[in-house]
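# Structural description and commentary
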Amino acid sequence: MTPFTYSRAGETAEAVRMGGAAASAYLGGGTNLVDLMRETVARPERLVDVSGLSTSITDTDAGGLLIGAGVRNTTLAEHRAVRERFPLLSRAILAGASAQIRNMATVGGNLMQRTRCTYFYDADGSRCNKRVPGSGCDARDGFNRIHAVLGASDACVATHPSDMCVALAALDAVVHVEGSAGVRTLPLREFHRLPGDRPDVDTVLAPGDLIVAVEVPPLGFATNSTYRKVRDRASYAFALVSVAAALDMDGDRVRDVRIALGGVAHKPWRAARAEDALRGGPATEQAFRAAALMEFADAQPLRDNAFKPELATRTLVSVLGALAKGDAA
Amino acid sequence: MSLIVNGTSVAPPDDPRVSLLDHLREGLHLTGTKKGCNQGACGACTVLVDGERILSCLALAVQYDGRHITTVEGLAQDDALHPLQAAFIEHDGFQCGYCTPGQICSAIGMAAEVERGVPSHVTADLRADAALTREEIQERMSGNLCRCGAHNGIVAAIQATFVVEAQA
């Protein structure tokens, strides 16, 4: 690790003041940042510890939830209101990382973890445009089984590894940010960037911006929702593909639906095309499959990940089928 | 500034780069906590902070000012082993022993999570409390790898310690 100073912020305004200094980084649970610093992929000169700030979960007047950025992943997953009203969010968090990491990791830090692949970590041996802009990408023609099939660019084919953010994308969550210009809100769907020619920039935040909360708006039919993750081992692995979905049935037809996909793109992928295709139509396996195929119409698979569109399609068909019957665990 | 390690107040490291793991092992000579991967993938460095299991390799020691840290050295009461330590011996919960301190700290943290009602990835009903079945233990302990493959003994030791207790 390169040397840095450490300070703990006592309140948000103080944190934002300290975080505005050059080469500063906010520290939550440290589960991604400390690891990246040890590999010298991240080299902040000032760490501002914000892990003790904004640690509450409260009901909003509208009937949603306001989740403090410092809330631990485990705390959010076990929260009674989340389990009962937004089960896809609990399920997504519980599918991610290990229990020890979920105990450390904060909600804000989960959003801020780097979009990444193994070549990004390999500082000594691989070229990576995300780590060193303009250096090239060894993943594109390398071992790319876990990489993106949607929205990637010549510069970068990494995927965003968060499970929680996939559920938040499906829920139209809103990110509350405080920076030198004051307080503002951003839709989670627009919070993470596609790589384009700047894969070194993962989010739309400006330097010094601090996430203070994530708001989940009310969604009645989210009680009928779930998250399914497909991976190479049964636990503690990144997703090959994942599906967060909520389904509102009207008899045997789809009244409304929310779908987001993980493991397929540089950001949590809201499947808006598939949703539009399904809304008002029949809740049949053929309709689910047709909608999924529409979502992947522009997929650009690489050498090792051509299975992803079909795997994601089958997973989505299975999840929606279970939700249509009301028995998705 | 101080950390409370196994009930004793100790100074944090001067350099903020020092991980909690390195501070325990090299600063305090508490070498029970092990360094496996040093990147959050194996669980060998698991310790308890205010009763919750975390990975000490991904923790900066300075971040834990004022917190109560329990390592494997802090589990026994004088010469009496913690019941889970005794159960690991009884059920052959280890071969080489390198992952064992992390496994034991992790399982104690896990039992507290189950007691509190925290669900897991394999909990069928999120609104009900989970039972400590074999499947639940395997999922909840998946952050602790055992290269010797002593998992059957580990699960048996955990069940013998915490399931029996829960039914008593």
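Residues numbered from 1 in each chain as written. Chains lettered and ligands numbered in written order. Predicted model: local features only at pLDDT ≥ 70, side-chain atom pairs only at ≥ 80, totals over all residues. Heavy atoms only, no water.

### So, the pattern of salt bridges
Residues and elements named next belong to chain A.
- By the definition in use, this model includes 29 salt bridges over all chains.
- Between Asp-209 and Arg-184 there is a salt bridge, with the nearest N and O atoms lying 2.7 Å from each other. Of the two residues, Asp-209 sits in the loop between strand S7 (182-187) and strand S8 (210-216) while Arg-184 sits in strand S7, which places them 25 residues apart along the sequence.
- Look at the salt bridges and you will find they share partners, linking Asp-172, Arg-189, Asp-256, Arg-258, Arg-270, Glu-275, Asp-276 and Arg-279 into a network. (Salt bridge = Lys/Arg side-chain N within 4 Å of Asp/Glu carboxyl O. Helix = DSSP H or I, 4+ residues; strand = E, 2+ residues; numbered from the N terminus.)

### Focus on the domain arrangement of chain B
All names here are of chain B.
- Domain annotation of chain B identifies domain 1 (3-74) and domain 2 (83-167).
- Across the contact, 17 residues belong to domain 1 and 16 residues belong to domain 2.
- When domain 1 packs against domain 2, close to 1300 Å² is buried across both sides, 53% of that on carbon and sulfur atoms.
- Remark: the boundary between domain 1 and domain 2 carries two salt bridges.
- The partner of Arg-53 in a salt bridge is Glu-113, with the nearest N and O atoms 2.8 Å apart.
- Joining domain 1 to domain 2, the criterion identifies eight residue pairs in polar contact (both at pLDDT 80 or more).
- Mapped by element, the contributors of at least two residues to the side of domain 1 that touches domain 2 are strand S3 (46-49) and strand S4 (52-55).
- Looking at the side of domain 1 that touches domain 2, the element that brings in the most residues is S3, giving three residues.
- Of the residues in the side of domain 1 that touches domain 2, the class split is six nonpolar, seven polar and four charged. (Domains from an automatic or database assignment. Contact = heavy atoms within 4.5 Å. Buried area = accessible area lost by both parts, 1.4 Å probe. Polar contact = N/O pair within 3.5 Å; in protein donor to acceptor, adjacent residues only side chain to side chain. Nonpolar A, V, L, I, M, F, W, Y, C, P; charged D, E, K, R; others polar.)

### Details of the side chain of Thr71(B)
Residues and elements named next belong to chain B.
- Counting through the fold element by element, Thr-71 comes out in the loop between strand S5 (68-70) and helix H2 (83-90).
- The exposure class of Thr-71 is buried, given its relative accessible area of 0%.
- Beyond its immediate stretch of four places on either side in the chain, Thr-71 contacts Val-5, Asn-6, Leu-24, Thr-33, Val-47 and Cys-105. (Buried < 20%, exposed > 50% of the residue type's maximum accessible area, 1.4 Å probe, protein only.)

### So, the packing of aromatic side chains
Residues and elements named next belong to chain A.
- In total, this model carries one aromatic pair over all chains according to the counting rule given.
- Taking the centre distance of 6.3 Å and the plane angle of 85° together, the rings of Phe-120 and Tyr-121 count as edge-to-face. For the pair Phe-120 and Tyr-121, a shared accessibility class is recorded, and that class is buried.
- Positioned over the ring face of Phe-143 is Arg-303, at 5.5 Å from the centre of the ring. (Phe/Tyr/Trp six-rings, centres within 6.5 Å; stacked < 30°, edge-to-face > 60°. Lys NZ or Arg CZ within 6 Å of the ring centre and 35° of its normal.)

### Comments concerning the environment of Arg17(A)
- Relative to the helices and strands, Arg17(A) is located in helix H1 (residues 12-19).
- In sequence terms Arg17(A) and Gly179(A) are 162 residues apart; their C-alpha atoms lie 8.5 Å from each other.

### Notes on the layout of surface pockets
- A volume near 370 Å³ is recorded for the second largest pocket.
- Lining the second largest pocket we find 18 residues, and of these Ser235(A), Gln138(B), Glu139(B), Met141(B) and Ser142(B) sit closest to its centre.
- Only helix H4 (134-140) and helix H5 (151-167) of chain B provide two or more residues apiece to the lining of the second largest pocket. (1 Å grid on protein atoms, 1.4 Å probe; cavity = no way out; pocket = protein on both sides within 12 Å on 5 of 7 lines; lining within 4 Å. Points joined across faces, edges and corners; volume = space filled by probe spheres on them.)

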